[in-house]
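In case you want the letters, here they are:
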Amino acid sequence: MPRSSRRDVLKIALAGAGAAALPWRANAAGRPIMMLHESSFIKTFDEFFQKTLIPNYKKETGVDVVYEITSVGSLPSRDATVIETGSGADLSMLTLLFPFLYQDKLLDVSDIAEEMGQKQGGWYDVGKEAGMVNGKWKAVPFSNIGQLMNWRTDWFKEVGVTKFPDTWEELYEVGKKLKAKDHPFGFELGHGFGDNHGWLYPLLWSYGGHEVEKDGKTVVIDSDETAKAVDFCRKFFKDTMLDDCLSWTDVSNNKAWMSEQISCTNNAESILWLAKRDFPDIAKVTDQAMNPQGPKGRYHLMNSISHGVFNFSPEKEAAHAFLKWLMDEKQLGAWYASADSYYQPVVKGYNNAPMWDVEPRNKPYRDAMATAHLPGWPAPPDRRLAEAVAKYVVIDMFAKACTGSSTKDVIKTADSQLREIYKSA
Amino acid sequence: MVIRSATLPGVAARPRRPFSLKSWADRGTVFSWLMMGPPVLFIVTFVGYPFFYGIFLSLENRPVAQPGTFVGLANFIKEANDPVFWRVVQNTFVYTGVATVLKMAGGLGLALAMNQQFKLKNVIRALLLLPFIVPTVLSTVAFMWMLDPAFSVVNRVLVIFGMPKPGPSWLGNPVLAMISIILINTWRGLPFYGITLLAGLQTVPAELYEAATIDGAGSWQRFRFVTLPILQPIILIVTLFSVIFTFADFQLVYVLTHGGPQNATALFATYAFDIGMGGGQLGLGAAVALAMLPALALLIVAITLYLRKKDA
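Reading the values: the criteria
- Residues numbered from 1 in each chain as written.
- Chains lettered and ligands numbered in written order.
- Predicted model: local features only at pLDDT ≥ 70, side-chain atom pairs only at ≥ 80, totals over all residues.
- Helix = DSSP H or I, 4+ residues; strand = E, 2+ residues; numbered from the N terminus.
- Rg over C-alpha atoms; globule rule 2.2 N^0.38 Å.
- Buried ≥ 20, exposed ≤ 12 C-beta atoms within 10 Å, placed from the backbone.
- Contact = placed C-beta atoms within 7 Å.
- Nonpolar A, V, L, I, M, F, W, Y, C, P; charged D, E, K, R; others polar.
- Arc of directions from axis to C-beta.
- Core = buried A, V, L, I, M, F, W, Y, C linked by C-beta atoms within 7 Å.
- Pairing = 2+ DSSP bridges.
- Axes fitted to C-alpha atoms, helices over the stretch in contact; angles between N-to-C directions.
- Parallel < 35°, antiparallel > 145°, perpendicular 65-115°, else oblique.
- Left-handed = near helix turned anticlockwise from the far one by under 90°.
- pLDDT = per-residue confidence, 0-100.
- Right-handed = clockwise from strand over helix to strand, strands pointing away.

Novice: I'm lost on the overall build of chain B in this one. Help?
Specialist: Scanning chain B from terminus to terminus reveals 15 helices and two strands. For 312 residues, the compact-globule estimate of 2.2 N^0.38 gives 20 Å, and chain B exceeds it by more than 25% at 27 Å. Expressed along its principal axes, the backbone C-alpha trace of chain B runs to roughly 100 × 70 × 30 Å. By residue count, 34% of the 312 residues in chain B fall in the buried class.

Shown next as structure tokens:
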């Protein structure tokens, strides 16, 4: 082969690489908007977005939207990849503390959130908690997937209870009787994502306990209030629950419910939803109630879902315009309704919407919004708080007490963990 | 007679051959580099880069979505003060140690049994690979049902044999949870040991056994003095791989217990993932993941040295 041919090979290779790169560049202008969303438990919710909202937007503006669905639990790592590589999506669903973790990479969407608040009945307090970072809205709160009490009306009736107990202590007394009748309670104490935080944070708060003060510095977990909550949790577990709750993840209590193993748990609306679809007999005797109150009040967890636009996206203006359109009452109301009330609005304008009449037993989820907070409240949500949640500090404090460790020891461990986390701010 | 190359006729006079890609590629060094190039490039890109980036990250305070700042060993110091981290260290060593020993003993037994002559030998050998072939996530979900208190086939059997209902809480009790994940890992890893050792067993020449038998060796002695010494290098290599895989296990624990109850089953990989992804602390997560490096590196060096010494 003559020498010059090597140069030819190089030329061809370079030309090939250039050609391969070209279409990618050409796409940057006028490509569809990419939106990331976690797969919904309610099929019609994703379907409505794909089959109605996207075509409508295309009709109105000529802009295409791609709705990329990630599997449950993998959204945070998918979002992190998009953020770290600076490409892959223009806007995304964000859960819990992620608007705060990603604040530097999110576009200010205050205009959308302010307008939404004004036109749609005003935000619940927890809306600001979930979307506002240092005075600016970095994400537009969409909903809570509330965690409430699910209870078996037939078995409660067997021990003479027809209305869900109002306080934790009353619930405990009922649970003792039900466990004796082989109808134990089942509350997640393991390392899931939602059903553990769903009742343990509200329990801690309702006894007056907190991890960190509002200043985001002072660790206050070591208190008499926390001790009372821990003591309650220990006896609540021992006298009312199944042993297995300690290892439960988020699917476990649903499974136990459908196999008629437990008489009370803390879960999202999905239990009733699934029972109605697959186990109608169980659905008939399933009811839902707000969390019981403790000496310091009644609380709920804000299992927040919001939407944010990535500020590094070349299509950020288009994505911003799309989010504004999406959050308009016309679209938003229908999107909520497509999932009945599985996603509870964070604005008050939907409180009397027909979606609440589809299943009146879901109404407590609406009423719980007024007392809902993000995990770690009242400390400001930030990455230290996210670390404490990821390390299951509060969950394991309660769970260890349930396996027999002393209240003093478990609080001491949680306290030292939190101090270590908050030290390196 | 002394032959000097320069005086050989024809050599000096031969004209320089024109460049040919074929002969160039045929040259020993060029050929070996051509063959080595792609894998080296692959390793540098997909193993080397993430590895060194991991080390770099572990020395930074690097929240997700924010630029990192160099903090030296602060992440490692922070971990050393975290009681959960030490729990994770303990868990990982127990998990790896016990599971490896069980897999080694079980795998050897399996290989010895499979080395016998029996009907449907090949079919059964192929079936044995199933636990290894089935995706971990799927087989773990199956175990999740088998250990579930309501549906547990294990507990059902135990209850039939007189244990009071509902039987042990396999995943709810911290000790039982660790035992459960060790057994499931053993179940999954056994075929790897079994099949590899079986391949080794088949290389043992029959004459050696015959000679040993003539010398009066019984079956235990034949195993001890013929089989085991020949299998030893293979056992070491399989153990090396097995320890690495087990040490860095993620899927099994993530699906089955997510590190619970109370971190009783949390391993390096799951804990690092929770901190890095769940908590958005990439630097700290990398530091946790890297903490398993010294132990693994020591093991790899020790086994490699041992094998070299044997070869020499």
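Novice: Looking at this structure, how should I read the interface of chain A and chain B?
Specialist: Note on interface size: it is often stated as the accessible area lost on association of the parts. With 37 residues of chain A at the contact, the number on the chain B side is 35 residues. Elements that contribute at least two residues to the side of chain A that touches chain B include exactly helix 3 (75-85), helix 11 (252-258), helix 17 (383-390), helix 18 (393-402) and helix 19 (407-423) of chain A. Grouping the amino acids of the side of chain A that touches chain B by side-chain chemistry returns 13 nonpolar, 12 polar and 12 charged.

Novice: Help me understand helix 3 of chain A in this model?
Specialist: Every α-helix carries 3.6 residues per turn, so stepping three or four residues along brings you back to the same face. All of the buried residues along helix 3 of chain A are L75, P76, D79, V82 and I83 of chain A. All buried residues of helix 3 of chain A fall inside an arc of 125° around its axis, so they share one side. Tucked inside the fold, the buried residues of helix 3 of chain A contact strand 1 (33-38), strand 2 (65-70), strand 3 (91-95) and helix 4 (98-101) of chain A together with helix 13 (268-278) of chain B. Just past helix 3 of chain A, the residue G86 of chain A takes up positive phi, approximately 70°.

Novice: Help me understand the nonpolar core, please; the structure alone is not making it clear to me.
Specialist: One broad rule of soluble globular proteins: the nonpolar side chains tend to lie buried together. With 170 residues, the main nonpolar core has V140, C233, L323 and F398 of chain A together with F268 and V288 of chain B as its most contacted residues. Tallying contributions element by element places helix 18 of chain A first for this core, with eight residues. Beyond its immediate sequence surroundings of up to four residues, F398 of chain A is in contact with L189, L200, V230 and C233 of chain A. Core analysis: the next-biggest nonpolar cluster, separate from the first, contains 10 residues, A111, Y193, L198 and V238 of chain B among them.

Novice: Sorry, what's going on with the environment of A229 of chain A here?
Specialist: Tracing the sequence through the fold places A229 of chain A in helix 10 (residues 224-240). Contacts of A229 of chain A, omitting those with residues within four sequence positions, involve L203, L204, Y207 and G209 of chain A.

Novice: Hey, could you run me through the pairing of strand 6 (residues 140-144) of chain A in this one?
Specialist: On any regular strand, side chains alternate: one points to one face of the sheet, the next to the other face. Residue and element names in this part refer to chain A. Most of strand 6 is tucked away: five of the five residues are buried. Of the pairings in the sheet, the one linking strand 6 to strand 11 (residues 304-309) comprises four bridges and is antiparallel in character. Across the sheet, S143 pairs through a bridge with I305, a residue of strand 11. When strand 6 meets strand 12 (residues 344-345), the two strands line up antiparallel, connected through two bridges. In the sheet register, S143 faces strand 12, and the bridge partner there is P345.

Novice: Even after reading the chapter, I still don't get the packing of helix 10 (residues 206-214) of chain B against helix 11 (residues 219-247) of chain B, so can you show me in this structure?
Specialist: Two numbers describe a pair of packed helices, the interaxial angle and the distance between the axes. Residue and element names in this part refer to chain B. Where helix 10 meets helix 11, the axes come as close as 10 Å, and the angle between the chain directions of the two elements is 140°. In this view, helix 10 runs oblique relative to helix 11, as classed from their interaxial angle. Judged by the twist between their axes, the crossing of helix 10 over helix 11 is right-handed. The segment helix 10 lies against helix 11, with L208, Y209 and A212 engaging R222, F225 and V226. Its residues placed into classes, the contact of helix 10 with helix 11 shows five nonpolar, no polar and one charged.

Novice: Can you help me understand the sheet that holds strand 12 of chain A in this one?
Specialist: Hydrogen bonds along the backbone pair up the strands of a sheet, which may run parallel or antiparallel. Spatially, six strands are ordered 2-1-3-11-6-12 (chain A) in an open sheet, and the strand pairing comes out mixed. Pairing within the sheet leaves two strands with one partner each, and these edge strands are strand 2 and strand 12 of chain A.

Novice: When you look at the sheet that holds strand 8 (residues 264-267) of chain A in this model, what are you seeing that I'm missing?
Specialist: Residue and element names in this part refer to chain A. In spatial order, the strands read 8-7-9; together these three strands make up an open sheet with antiparallel pairing. Edge strands, defined here as strands with exactly one partner in the open sheet, are strand 8 and strand 9 (286-289). This sheet shows a mean twist of 30° between the axes of neighbouring strands, independent of strand direction. When strand 7 (residues 148-152) meets strand 8, the two strands line up antiparallel, connected through four bridges.

Novice: How do you make sense of unusual backbone geometry when you look at a structure like this?
Specialist: Note: most residues except glycine have negative phi, and most peptide bonds are trans. Residues and elements named next belong to chain A. Here W377 and P378 are connected by a cis peptide whose omega angle stands at 5°. Looking at the secondary structure, you find P378 in the loop between strand 13 (372-373) and helix 17. Residues other than glycine seldom take positive phi values, yet D182 does so here, at roughly 65°. Residue position: D182 is located in the loop between helix 8 (168-180) and helix 9 (197-206). When the 10 C-beta atoms within 10 Å are taken as the criterion, D182 is described as exposed.

Novice: What's the story with the confidence of the model for chain B in this structure? I'm lost.
Specialist: A low pLDDT score tells you not to read the predicted coordinates there in detail. Averaged over all residues, the pLDDT of chain B equals 86, while 94% of them reach at least 70. We note a pTM of 0.84 for the whole complex and an ipTM of 0.78 for its interfaces.

Novice: Please explain the pairing of strand 1 of chain A as it appears in this structure.
Specialist: Residue and element names in this part refer to chain A. Across the six residues that make up strand 1, a large majority, five, are buried. Inspection of the sheet shows strand 1 paired to strand 2 by six bridges, in the parallel sense. If you follow E38 over to strand 2, its bridge partner there is T70. Chirality of the crossover, the property in question, places the unit of strand 1, helix 2 (residues 43-61) and strand 2 among those that are right-handed. Across two bridges, the pairing between strand 1 and strand 3 is parallel. Looking at the pairing, L36 lines up with S92 of strand 3.

Novice: Explain the packing of helix 17 of chain A against helix 19 of chain A here, please?
Specialist: Residue and element names in this part refer to chain A. Where helix 17 contacts helix 19, the two axes come as close as 9 Å, and the packing angle between them is 145°. For helix 17 against helix 19, the interelement crossing comes out right-handed. Residue-level inspection shows R384, E387 and A388 of helix 17 in contact with helix 19, the latter providing L418, I421 and Y422. When grouped by side-chain class, the residues that make up the contact of helix 17 with helix 19 number four nonpolar, no polar and two charged.

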